[in-house]
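A look at the structure
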Amino acid sequence: MDIGGHMLEFDFGTKIFFGEGSLEHLRSIKNKRVLIITDTFIFNSGIAKKVEEALPKCEISYFKEITAEPEISVICAGVNCLLNAKAEIIVAVGGGSALDAAKAIRYMAEKVYPNQVHIEECIAIPTTSGTGSEVTEFAVITDPEQKIKFPLREAGMRPTIAILEPTLVASVPSSVTADTGMDVLTHAIEAYVSLNANDFSDALAEKAVTLVMKFLPRAYLKGSDMLAREKMHNASCMAGLAFASAGLGLNHGIAHGLGAHLHLPHGRANAILLPHTIEYNANVKDCRNGVFSVAARKYRRLAKLIGLPANTELIGTDQLRRAIIKLNQTLRIPPDLKAANCELDRNSKEQIAESALKDVTTQTNPRVPSKQDVFDILDRCRG
Ligand SMILES: NC(=O)c1ccc[n+]([C@@H]2O[C@H](COP(=O)([O-])OP(=O)(O)OC[C@H]3O[C@@H](n4cnc5c(N)ncnc54)[C@H](O)[C@@H]3O)[C@@H](O)[C@H]2O)c1
Ligand SMILES: [Fe+2]
């Protein structure tokens with residue numbers, strides 16, 4: 001019997017340990033060759049040492065050459081290091097850049113050297129509350145020659161274990177707390193209005209949005225506020241799970257181009273774009289016979305959820321947009337590209353629009369954008 005509809009799946013995929021003390025999970029790993037993948041800052045900061053101390057019975061090697069917005073050459077160097085270390089377990093420690101690079105290194109090594117590489121676990125330990133990379137099958141890699149950031153998506157890249165240890169985030173400087181926190185909010189909001197949104201991703205996105213609105217200002221203003229740090233760390237992971245299932249949208253599609261051309265931190269690019277993509281997606285002017293777009297209805301629901309006036313789609317969407325602008329102000333995020341010391345020339349604008357339309361994240365945006373739509377959004381961001 002055909003009962004109609006189509007089957008959906010929600011796969012958590014990654015086992016998650018969270019809360020203070022969760023790093024202790026590593027102690028259960030014994031007699032293994034472990035490659036810790038990280039950047040020099042984390043290596044020198046003492047965070048890598050803490051991780052190593054939780055693995056006393058293992059043989060440890062390091063690949064610490066990860067750079068922000070990792071490039072293809074770094075991935076190749078990491079594959080070599082993994083082969084030399086004969087690693088059985090990968091432990092990725094750092095922000096989204098280190099986690100993404102580690103996932104890509106594992107994937108490449110297994111694909112290219114299937115007879116030599118057998119990774120039993122890929123353990124992701126995020127030290128920023130932002131990308132959710134610890135639970136997704138995405139890795140964003142930069143090609144500096146072509147000036148593009150391309151999101152790879154492979155099921156084999158999803159880490160098997162995530163450890164959300166909030167004490168590792170306490171040292172994140174306030175500007176990085178702000179940028180990465182806005183990345184979390186953008187993931188949750190884009191997943192919520194995505195074409196592939198579902199009941200499971202919606203539940204996670206709603207919780208992530210309420211946690212960010214309450215705890216991001218606290219984590220920003222006082223980095224040692226451990227409750228705020230823990231809640232933001234969980235929110236980041238929940239938003240990651242939401243978009244791992246539902247996908248993202250045009251905001252990320254454009255942010256990837258802005259990152260590649262202007263070297264703007266990923267979260268800051270998202271934060272500057274977000275009020276404008278919300279307005280674009282809601283498309284309240286195009287309301288027919290009192291029926292608004294699905295996106296406008298969902299923005300209204302989010303506004304209501306965080307206690308904003310939301311009697312109509314028009315009010316709800318506008319209130320949500322204003323709340324985000326206000327949050328950006330609280331976090332001292334520049335309101336536009338000019339204020340962020342970024343100049344967008346004609347050529348870059350053209351290339352960013354082209355890559356945004358092709359970007360995999362844009363494919364689940366609730367409204368299909370034209371090149372002119374992207375130009376308009378970029379013009380509004382310019383300042
Ligand atoms: N995989 C995904 O699904 C996904 C999603 C969104 C973004 N990304 C990508 O992730 C990258 C951005 O990641 P990010 O925002 O976490 O930034 P990041 O990893 O580049 O880190 C930012 C800076 O913070 C420092 N840092 C990290 N942890 C710290 C700590 N505990 N204390 C002090 N300093 C610390 C790092 O050394 C670095 O200098 C981008 O390349 C972006 O495109 C990936
Ligand atoms: Fe992101």
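See the structure printed just above.
Okay, so let's go over this structure. (Residues numbered from 1 in each chain as written. Chains lettered and ligands numbered in written order. Predicted model: local features only at pLDDT ≥ 70, side-chain atom pairs only at ≥ 80, totals over all residues. Heavy atoms only, no water.)

**Overview of the packing of helix H8 (residues 250–262) against helix H12 (residues 346–358)**
Relative orientation of the contacting elements H8 and H12 amounts to 140°, with a least axis distance of 8 Å. The orientation of H8 with respect to H12, classified from their angle, is oblique. Handedness of the H8/H12 crossing: right-handed. Contact with H8, carried on its side by Gly253, Ile254, Gly257, Leu258 and His261, involves Ser348, Gln351, Ile352, Ser355 and Ala356 of H12 and no other residues of that element. Tallied by class, residues from the contact of H8 with H12 come to four nonpolar, six polar and no charged. (Axes fitted to C-alpha atoms, helices over the stretch in contact; angles between N-to-C directions. Helix = DSSP H or I, 4+ residues; strand = E, 2+ residues; numbered from the N terminus. Parallel < 35°, antiparallel > 145°, perpendicular 65-115°, else oblique. Left-handed = near helix turned anticlockwise from the far one by under 90°. Contact = heavy atoms within 4.5 Å. Nonpolar A, V, L, I, M, F, W, Y, C, P; charged D, E, K, R; others polar.)

**Observations concerning the nonpolar core**
Across soluble globular proteins, nonpolar side chains have a tendency to be buried as a group. Of all hydrophobic cores here, the largest spans 72 residues; its most connected members are Met182, Leu185, Ile189, Ile254, Leu258 and Leu337. Per element, the largest residue contribution to this core is 10 residues, and it comes from helix H6 (residues 199–221). Ignoring any residue separated from it by four or fewer positions in sequence, one finds Leu337 in contact with Leu258, Leu262, Leu264, Ile272, Cys342, Leu344, Cys381 and Arg382. With 29 residues, the next largest nonpolar core counts Phe63, Ile75, Ala101 and Cys122 among its residues. (Core = buried A, V, L, I, M, F, W, Y, C linked by side-chain atoms within 4.5 Å. Buried < 20%, exposed > 50% of the residue type's maximum accessible area, 1.4 Å probe, protein only.)

**Quick word on H6**
Here H6 is 23 residues long and its end C-alpha atoms lie 34 Å apart, about the 33 Å a rise of 1.5 Å per residue gives. The largest bend along H6 measures about 40° and falls at Phe215, with the proline Pro217 one to four residues further on. Its side-chain oxygen placed 3.1 Å from the backbone nitrogen of Phe200, Asn198 serves as the N-cap of H6. (Expected span 1.5 Å × (residues − 1). Bend = angle between axes of the 7 residues up to and from the residue. Polar contact = N/O pair within 3.5 Å; in protein donor to acceptor, adjacent residues only side chain to side chain.)

**Observations concerning the packing of aromatic side chains**
Think of a pair of aromatic rings as described by two things: how far the centres are apart, and how the planes are tilted against each other in angle. Summed over the entire model, instances satisfying the criterion amount to four aromatic pairs. Within the aromatic cluster, the residues linked to one another by ring pairs are Phe10, Phe12 and Phe200. In this structure, Lys298 is placed above the aromatic ring of Tyr192, and the distance from its NZ or CZ to the ring centre is 4.6 Å. A cation over a ring is seen here: Lys349 above Phe375, with NZ or CZ 5.0 Å from the ring centre. (Phe/Tyr/Trp six-rings, centres within 6.5 Å; stacked < 30°, edge-to-face > 60°. Lys NZ or Arg CZ within 6 Å of the ring centre and 35° of its normal.)

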